[in-house]
Amino acid sequence: MTLRLFDTATRDVRDFVPAVPGEVGIYVCGATVQSEPHIGHLRTQVAFDVLVRWLRRSGLAVTLVRNVTDIDDKILAKAAAAGQRWWERAAIHEREFTAAYDAVGVLPPTYEPRATGHVVDMVELMARLVERGHAYVAAEGDVYFDVRSWPDYGSLTNQRLEDLTIAPEDLGAEEPSTAGLKRDPHDFALWKAPKDGEPPTAAWPTPFGRGRPGWHLECSAMAQRYLGDTFDIHGGGLDLRFPHHENEQAQSRAAGYGFARYWLHSAWVTQGGTKMSKSLGNGLLVREVLAKAPASALRYALTAVQYRSMLEWTPDTLAEAEATWDRFAGFVARASERVGPVDDAEVRSAALPEAFVSAMDDDLNVPAALAVVHEHLRLGNTALAAASSSGPDSAEGDTARRDTRAELVAVRAMLDALGLDPGDPHWATTGDSRYAQALGAVVQAELDARAEARAARDFATADAIRGRLAASGILVEDQPTGARWSLAAPASQGD
């Protein structure tokens, strides 16, 4: 089955065919680093991380560009309010975003350009638009795109110019003081002259006067720089379709570039049906979430819902995600103990079950793909139980161990394609390993004492040890080869 993706521009599911066979160029809008990240920010990057992993798993060479907007009105205003230099604030929060991406296993992009590092590219693009008659200078330092000069404006979001509302930033702080000089209320800023009170360092010289970039210009310039005139996929959050992506497409194509061939947009994280955002006071900061649950559980929660579906965040979301992750990790640990560890290279080259491939090729249908994972997890646990109860030299035991290993590879390979393989070194090294080592030593000492009590037929002491461990969230399972322990599934946190 050919990979099929929902193209926002055509509003249907299309076969994905790269412009260059065997290669894929992707541009994903990254963070505006005005403040620290919340899980809504991570939703988009995890969604496109799954896409990148799947394309690479399918044998394609992927170039991923994810930008950083490190200057805009909000950064300048918040830096001033906090007594910071604007670039200082941007740098601090850029590092926080990078740490958040890393924590949940988002692969690093091929390139991660900053807006302030590509002013020359933006000025060249702006000059090209002015020369072609698609942009004009309203006043020194203020340059606008003329939307009526581009008849295709509105095509990405299927809107007629006459029906469009004025974009939110055209009514607020993003708008230059020369808004009254616009030819049309829908014209948007390519370049903005400095405002009173802004630091001199927040402006650059251009043939049209000193100023700084408008929000939309930077992405068009950086996409063209790193991916060329035409590239395969442009992605971002659903809220970026208009005006940001509509404006990007208009200015890039007006400049003579083919720009993006496919548009993909991920849905929001919602609470009570409302989009998560700082302005509404419902933003769950990543650091707050990771203080309650492991990064693996957060990764699972953000991955498990198909990227175009809203993810409704409830008090039970993390607990349910952690319980599922523990089932995956528990099987991988038990099976690896029984049949030996599986090399990461084997996991990443293993053939995947056809049902899993079909689900992923169907517009990255992760819920259907996870159903296949759970089916193989069930088969793996059945084989593992048979291997544990069979004699070491029996034919039945040999068959059960082979089946266990086959399911271990299959489960890990499918989860690896989703960035959720418990055997991946990333998850093994997340956090301070000293805690795990200390816990393991303490629990093993308790298990040794319990084994001695059982051998002496002191079952009261043995039961007391098991009860003490259970009260601490440690489950003990007696097997023919000895007792093994695991962490109990977390209770719902209710907050």
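Going by the structure above, here's the rest.
Below you will find a few notes about this structure. (Residues numbered from 1 in each chain as written. Predicted model: local features only at pLDDT ≥ 70, side-chain atom pairs only at ≥ 80, totals over all residues. Heavy atoms only, no water.)

1. Observations regarding the sheet that holds strand 10 (residues 259-266)
Taken together, four strands build an open sheet; the order of strands is 4-3-9-10 and the sheet is parallel. Strands at the two margins of the open sheet, each flanked by one partner only, are strand 4 (61-66) and strand 10. Sheet twist, expressed as the average angle between the axes of neighbouring strands with direction ignored, equals 25°. Here seven bridges tie strand 9 (residues 230-237) to strand 10, and the two strands are oriented parallel to one another. If you follow Ile-233 over to strand 10, its bridge partner there is Tyr-262. Each of strand 3 (23-28), strand 4, strand 9 and strand 10 is contacted by helix 1 (residues 39-57), which is oriented at about 175° to strand 3, the strand it contacts most. (Pairing = 2+ DSSP bridges. Helix = DSSP H or I, 4+ residues; strand = E, 2+ residues; numbered from the N terminus. Axes fitted to C-alpha atoms, helices over the stretch in contact; angles between N-to-C directions. Contact = heavy atoms within 4.5 Å.)

2. Quick look at the environment of Leu-302
Its place among the elements puts Leu-302 in helix 8 (residues 295-303). Residue contacts for Leu-302: discarding those within four places in its chain leaves Ile-39, Leu-42, Arg-43, Val-46, Val-269, Leu-311 and Trp-313.

3. Digging into the packing of helix 9 (residues 317-339) against helix 13 (residues 395-417)
Relative orientation of the contacting elements helix 9 and helix 13 amounts to 140°, with a least axis distance of 10 Å. The angle between helix 9 and helix 13 places the two elements in the oblique class. Helix 13 is crossed by helix 9, and the crossing has left-handed handedness. Listed contacts from helix 13 to Phe-328, Phe-331, Val-332, Ala-335, Ser-336, Arg-338 and Val-339 of helix 9 are Arg-401, Thr-404, Arg-405, Glu-407, Leu-408, Val-411, Arg-412 and Leu-415. Per-class residue counts for the contact of helix 9 with helix 13 are eight nonpolar, two polar and five charged. (Parallel < 35°, antiparallel > 145°, perpendicular 65-115°, else oblique. Left-handed = near helix turned anticlockwise from the far one by under 90°. Nonpolar A, V, L, I, M, F, W, Y, C, P; charged D, E, K, R; others polar.)

4. Side note on the pairing of strand 1 (residues 4-7)
Alignment of strand 1 against strand 2 (residues 12-15), held across four bridges, turns out to be antiparallel. Each residue of the ladder has a partner; that of Leu-5, found in strand 2, is Arg-14. Taking the residues between adjacent antiparallel strands as the criterion, strand 1 and strand 2 are bridged by four residues, where Arg-11 takes a positive phi near 60°.

5. Focus: the side chain of Thr-317
Secondary-structure assignment places Thr-317 in helix 9. Note on Thr-317: relative accessible area 11%, which makes it buried. For Thr-317, the side chain forms a polar contact with the main-chain nitrogen of Thr-314, separated by 2.8 Å. Excluding anything up to four places from it in sequence, Thr-317 contacts Ala-301 and Glu-312. (Buried < 20%, exposed > 50% of the residue type's maximum accessible area, 1.4 Å probe, protein only. Polar contact = N/O pair within 3.5 Å; in protein donor to acceptor, adjacent residues only side chain to side chain.)

6. As for the sheet that holds strand 12 (residues 274-275)
The strand order 12-11-13 describes an open sheet built from three strands, whose pairing is mixed. Looking along the sheet, the strands with just one partner apiece sit at the ends: strand 12 and strand 13 (311-312). Relative to strand 12, strand 11 (residues 269-271) runs antiparallel, the two sharing two bridges. Bridge pairing in strand 12 places Gln-271 opposite Thr-274.

7. Some details on unusual backbone geometry
Residues apart from glycine generally show negative phi values, whereas peptide bonds are mostly found in trans. In this structure, the amide linkage connecting Phe-242 to the following residue, Pro-243, adopts the cis form with an omega of 5°. Mapped onto the fold, Pro-243 is located in helix 6 (residues 241-254). Of note in the backbone geometry, Arg-11 takes a positive phi value of approximately 60° without being a glycine. Within the element layout of this structure, Arg-11 appears in the loop between strand 1 and strand 2. For Arg-11, a relative accessible area of 38% puts it in the partly exposed group. Positive phi, normally seen in glycine, also occurs at Asp-363, with a value near 55°. Relative to the helices and strands, Asp-363 is located in the loop between helix 11 (354-361) and helix 12 (366-389).

8. Observations concerning the environment of Asp-70
Secondary-structure assignment places Asp-70 in the loop between strand 4 and helix 2 (73-82). For Asp-70, a relative accessible area of 6% gives the class buried. When the C-alpha positions of Asp-70 and Gln-34 are compared, they lie 7.8 Å apart, and in sequence the two are 36 residues distant. Sequence-distant contacts of Asp-70, defined by excluding residues within four places in its chain, comprise Val-33, Ile-75, Trp-86, Ala-90, Arg-114, Ala-115 and Thr-116.

9. Digging into helix 11
Listing the buried residues of helix 11 in full gives Phe-356, Ala-359, Met-360 and Asp-361. On the buried face of helix 11, the contacting elements are strand 1, helix 1, helix 12 and helix 13. One or two residues past the end of helix 11 sits Asp-363, with phi positive at roughly 55°.

10. Considering the nonpolar core
Within the largest apolar cluster, 112 residues are counted, with the highest numbers of intra-cluster contacts made by Ile-26, Trp-313 and Phe-356. If sequence neighbours within four positions are ignored, Ile-26 has contacts with Leu-51, Val-52, Leu-55, Val-62, Thr-63, Leu-64, Val-65, Leu-227 and Ile-233. Ranked by size, the runner-up nonpolar core spans 13 residues in total, among them Val-65, Cys-219, Leu-227 and Trp-263. (Core = buried A, V, L, I, M, F, W, Y, C linked by side-chain atoms within 4.5 Å.)

11. Overview of the side chain of Thr-44
If you trace the backbone, Thr-44 turns up in helix 1. Looking at Thr-44, the relative accessible area reads 11%, which means it is buried. In contact with Thr-44, not counting residues within four places along its chain, are Val-28, Gly-236, Gly-237 and Ser-266.

12. Things to note about the pattern of salt bridges
As enumerated under the stated definition, the model contains 31 salt bridges in all. Put simply, Asp-184 and Arg-148 hold a salt bridge, and the shortest N to O gap is 2.6 Å. Of this pair, Asp-184 sits in the loop between strand 6 (142-145) and strand 7 (188-192) while Arg-148 sits in the loop between strand 6 and strand 7; the two residues are 36 residues apart in sequence, bridging distant segments of the chain. Of the residues examined, Asp-184 reaches a relative accessible area of 7% and is grouped as buried. A salt bridge links Arg-401 to Asp-398, with the shortest nitrogen-to-oxygen separation between them at 2.7 Å. Of this pair, Arg-401 and Asp-398 both sit in helix 13, three residues apart, which is roughly one turn of that helix. Taken together, the shared-partner salt bridges connect Asp-73, Lys-192, Lys-195, Glu-198 and Arg-212 into one network. (Salt bridge = Lys/Arg side-chain N within 4 Å of Asp/Glu carboxyl O.)

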